[in-house]
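Structure at a glance
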Amino acid sequence: MIWGLKVELVLLLVASWSMLRGTEEGMVWAIVGGIGLDLFSAAPFGTMTMALAVTAYCLGRIGSALLRTNPFLPIAVTPLATVIFNIVTAGVLEAFGWRINWPQVTTEVIGPLCILNSAVMVLVFGLLYRVNERMERQINW
Amino acid sequence: MFSRLTPLIFILGIGLAAMFAFRLPQLQFVQDVGAEVFAPIQGTLSGSSRGVSEFFESIRTVGELKEQNALLRAQVAQLTQQTVRVPELEQQNQELQAELNFKRSSPDYQWIQSKVIYADPSNLVQSVTIDRGSKDGVRDGMTVITPGGLVGRIERTSPSTARVLLITDSSSSVTAMLPGSRAVGVVNGQRTEVLQMGYIPQSATVRTGDKVVTSGVGGVFPEGILVGSITSVSRKDTDMFQTAQIEPAVDFSTLDTVLVIINHLPMSLN
């Protein structure tokens, strides 16, 4: 934990895979990862799954276009992924009775998480980029 | 035959004569000179022979030394393990001592000790999961504390684990009281390490440093458990109520062992 916050590794994995492989595959892994997170969270079941699915959908659309210009430009999209994921999560929590102090959540959670997640995304995206290349080489061969 | 024995007899005779002759004080110096001349040579030779005998001795004892070495290494490893455990045992001792002191001050509560397994994966929800569940007698709604103060309540149980919603969570509300002024208010979590107490009557005297305890109103939490202490007060004449910021009595960043109060369940409105 840094600044009292945890790096959102599942989000980074799902976001990277969505940008590399498209919306459909990204959403499949969003559901798998989301259910895993929901099992261990006190948030209403399905909150994480929904937030990850929305994030995977958005990034799948954006990422494939960005990859054509620069393969590492998607890393710059990490703050957007963080914002989408956490706003959806906070929105669902508020709908279920959690008191969400939006200014505080924005400045003390989402802001610092954008920086943390972006730093770790360099490694995560790089790793999944290589995995994706290897998979595509095997398919073409 | 006699001529063959002559050299032998001659040598024996010389020898006997020398034996008796060197007993004479006048001929002692010859013995001394001989000793001086031959002593270094004798010393070198005996040193060499000692070295040779030590060499063979060492070959013989190598096996014994290997065994001793292995035994000593095992002892060192065991002692190292014990040394590593000492800080952990000291920590456990302190926790048990705190629990004992708490038991003496709160004899009405019965609890079971439990370890925190993991925290909520979300950064927006403050909860932890403990290693006690329904098969240990844990039920939804039970109060969770440490000897230092209030931690939260059981939100969901499974046979072996239970999820605890912390009082720092933004969905948490605790009816609380200031023991000095008997003023009652509601303590809400704010996702951070600072709690907020609201609905404090304007007429109540609230000071920085005042302790805040559970009031027992509503029946969710037992009465008298320490929540925290006041760090700042906000009082405006135009408002109906005062608000105060509270520093929790429990350090949630290092939460490791908790106590689940098993002889108090929330009152059902049904």
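Throughout what follows, the structure given in this document is the object of discussion. Being a predicted model, the structure only gives us computed values, none of them experimental. (Residues numbered from 1 in each chain as written. Chains lettered and ligands numbered in written order. Predicted model: local features only at pLDDT ≥ 70, side-chain atom pairs only at ≥ 80, totals over all residues. Heavy atoms only, no water.)

**Things to note about the interface of chain A and chain B**
For the record, the criterion: For this analysis, residues touch if any pair of their heavy atoms sits within 4.5 Å. Note on definitions: buried area is the accessible-area loss of two parts on being combined, 1.4 Å probe, summed for both. Whenever two N or O atoms come within 3.5 Å, that pair is a polar contact, provided that in protein one can donate a hydrogen and the other can accept it, and provided that, for residues adjacent in sequence, both atoms are side-chain atoms. Where helices and strands are cited, they refer to DSSP runs of H or I of at least four residues and of E of at least two residues respectively, numbered from the N terminus. Gly is placed with the polar residues, together with every amino acid not listed as nonpolar (Ala, Val, Leu, Ile, Met, Phe, Trp, Tyr, Cys and Pro) or charged (Asp, Glu, Lys and Arg).
Contact residues are listed per partner, giving 22 residues for chain A and 21 residues for chain B. The contact between chain A and chain B buries some 1800 Å² in all, and 51% of this surface belongs to carbon and sulfur atoms. Across the contact surface, chain A and chain B share 11 residue pairs in polar contact (both at pLDDT 80 or more). Those elements that place two or more of their residues in the side of chain A that touches chain B are helix H2 (23-40), helix H4 (78-95) and helix H5 (102-140) of chain A. Tallying contributions element by element places H5 of chain A first for the side of chain A that touches chain B, with five residues. Here the residues of the side of chain A that touches chain B are counted per class, giving 14 nonpolar, four polar and four charged.

**Some words on the sheet that holds strand E5 (residues 162-166) of chain B**
Whether parallel or antiparallel, the strands of a sheet pair through hydrogen bonds between backbone atoms. All names here are of chain B. How we decide: For two strands to be treated as a pair, DSSP must find no fewer than two bridges joining them. Convention adopted: a line fitted to C-alpha atoms gives each axis, helices being fitted over their contacting stretch, and angles between N-to-C directions are expressed from 0 to 180 degrees.
Around the barrel, six strands lie side by side as E1-E2-E5-E4-E3-E12; this closed barrel has antiparallel pairing. Averaged over neighbouring strand pairs, the angle between their axes works out to 45° when direction is ignored. Sheet topology places strand E2 (residues 127-130) next to E5; four bridges connect them, and they run antiparallel. Residue Thr129 lies in a different strand from E5, and its bridge partner there is Arg163.

**Topic: the side chain of Ser172 of chain B**
Going by this rule: Residue burial is assigned from relative accessible area. The probe radius is 1.4 Å, only protein chains are included, and a residue is buried under 20% of its type maximum, exposed over 50%, and partly exposed in between.
Relative to the assigned elements, Ser172 of chain B resides in the loop between E5 and strand E6 (173-178). Exposure remark for Ser172 of chain B: the relative accessible area of 7% places this residue in the buried category. If we skip the residues at most four places from it in the chain, Ser172 of chain B touches Arg99 of chain A together with Leu166, Ile167, Val187, Asn188 and Gly189 of chain B.

**Some details on H2 of chain A**
All names here are of chain A. For the record, the criterion: A helix is expected to reach a length of 1.5 Å times the quantity of its residues less one. Throughout, the arc means that of the directions going from the helix axis to the C-beta atoms.
Its 18 residues give H2 an end-to-end C-alpha distance of 26 Å, which sits within 8% of 26 Å, the value for a rise of 1.5 Å per residue. Within the sequence span of H2, burial applies to Thr23, Gly26, Ala30, Gly33, Gly34, Leu37 and Asp38. Projection of H2 onto a plane perpendicular to its axis shows the buried side chains occupying an angular sector of 140°, all on one side. Along H2, exposed side chains directed more than 90 degrees from the buried face belong to Glu24 and Leu39.

**Side note on the side chain of Thr168 of chain B**
Residues and elements named next belong to chain B. Along the chain, Thr168 falls in the loop between E5 and E6. Residue Thr168 is classed as buried on the basis of its relative accessible area, which comes to 2%. Those residues in contact with Thr168 that sit more than four places away from it in its chain are Gln126, Gly189, Gln190, Arg191, Thr192, Leu195 and Phe252.

**Examining the pattern of salt bridges**
Rules: When a carboxyl oxygen of Asp or Glu lies within 4 Å of a side-chain nitrogen of Lys or Arg, that pair is called a salt bridge.
Going through the model one piece at a time under the given rule, you end up with six salt bridges over all chains. Notably, a salt bridge pairs Glu25 of chain A with Arg21 of chain A, separated by 3.2 Å at the nearest N-O pair. Bridged by salt links that share partners, the residues Arg132, Lys135 and Asp136 of chain B form one connected network.

**Brief notes about the state of the cysteines**
Chemically, a disulfide is nothing more than a covalent bond linking the sulfur atoms of two cysteines. Keep this limit in mind: In this description, a disulfide is simply a cysteine sulfur pair whose atoms lie within 2.5 Å.
Applying the stated criterion across every chain, the model contains zero disulfides over all chains. Unpaired in this structure, Cys58 of chain A has its nearest cysteine sulfur neighbour in Cys114 of chain A, at a distance of 15 Å.

**Structural notes on the packing of helix H1 (residues 9-21) of chain A against H2 of chain A**
Residues and elements named next belong to chain A. Stated precisely, the cut-off is as follows: Under this scheme an angle from 65 to 115 degrees is roughly perpendicular, one under 35 degrees roughly parallel, and one over 145 degrees roughly antiparallel; angles in between are oblique. Note: crossing handedness is left-handed where the near helix turns anticlockwise from the far helix by less than a right angle, and right-handed where it turns clockwise.
Axis separation between H1 and H2 bottoms out at 7 Å; the angle between their running directions is 165°. On the basis of the axis angle, H1 is roughly antiparallel to H2. Two packed elements cross with a definite hand, and for H1 against H2 that hand is right-handed. Taking contact as the criterion, the partners of Val10, Val14, Trp17, Ser18 and Arg21 in H1 are, on H2, Thr23, Glu25, Gly26, Trp29, Ala30, Gly33 and Leu37. Looking at the contact of H1 with H2, its residues break down into six nonpolar, four polar and two charged.

**Some remarks on unusual backbone geometry**
All names here are of chain B. Phi at Arg182 takes a positive value of approximately 60°, unusual for a residue other than glycine. Take Arg182: it is sitting in the loop between E6 and strand E7 (183-188). You can call Arg182 exposed: its relative accessible area is 53%. Residues other than glycine seldom take positive phi values, yet Arg191 does so here, at roughly 70°. By the element assignment, Arg191 lies in the loop between E7 and strand E8 (195-201). Arg191 gets classed as buried once you look at its relative accessible area, which sits at 12%.

**Description of the sheet that holds E7 of chain B**
Residue and element names in this part refer to chain B. A barrel is described by the order of its strands in space; here six strands give the closed sequence E6-E7-E8-E11-E10-E9, paired in antiparallel fashion. Adjacent strand axes in the sheet meet at a mean angle of 40°, parallel and antiparallel pairs treated alike. Two strands pair when backbone bridges link them, and strand E9 (residues 211-214) and strand E10 (residues 226-234) are joined in this way by three bridges, in the antiparallel orientation. Looking across to E10, one finds that Lys211 is bridged to Ser229.

**Quick look at the packing of aromatic side chains**
Definition in use: In summary, the pairing rule links any two rings of Phe, Tyr or Trp, Trp by its six-membered ring, whose centres are within 6.5 Å, and it sorts them by plane angle into stacked for under 30 degrees, edge-to-face for over 60 and tilted for everything else.
Enumeration according to the criterion identifies three aromatic pairs over all chains in this entry. Seen from their ring centres, Phe40 of chain A and Tyr118 of chain B are 5.1 Å apart, and the 85° between their planes marks the pair as edge-to-face. With Phe40 of chain A in helix H2 and Tyr118 of chain B in strand E1 (residues 111-119), this pair bridges two chains. Look at Tyr118 of chain B and you get partly exposed, because its relative accessible area is 30%.

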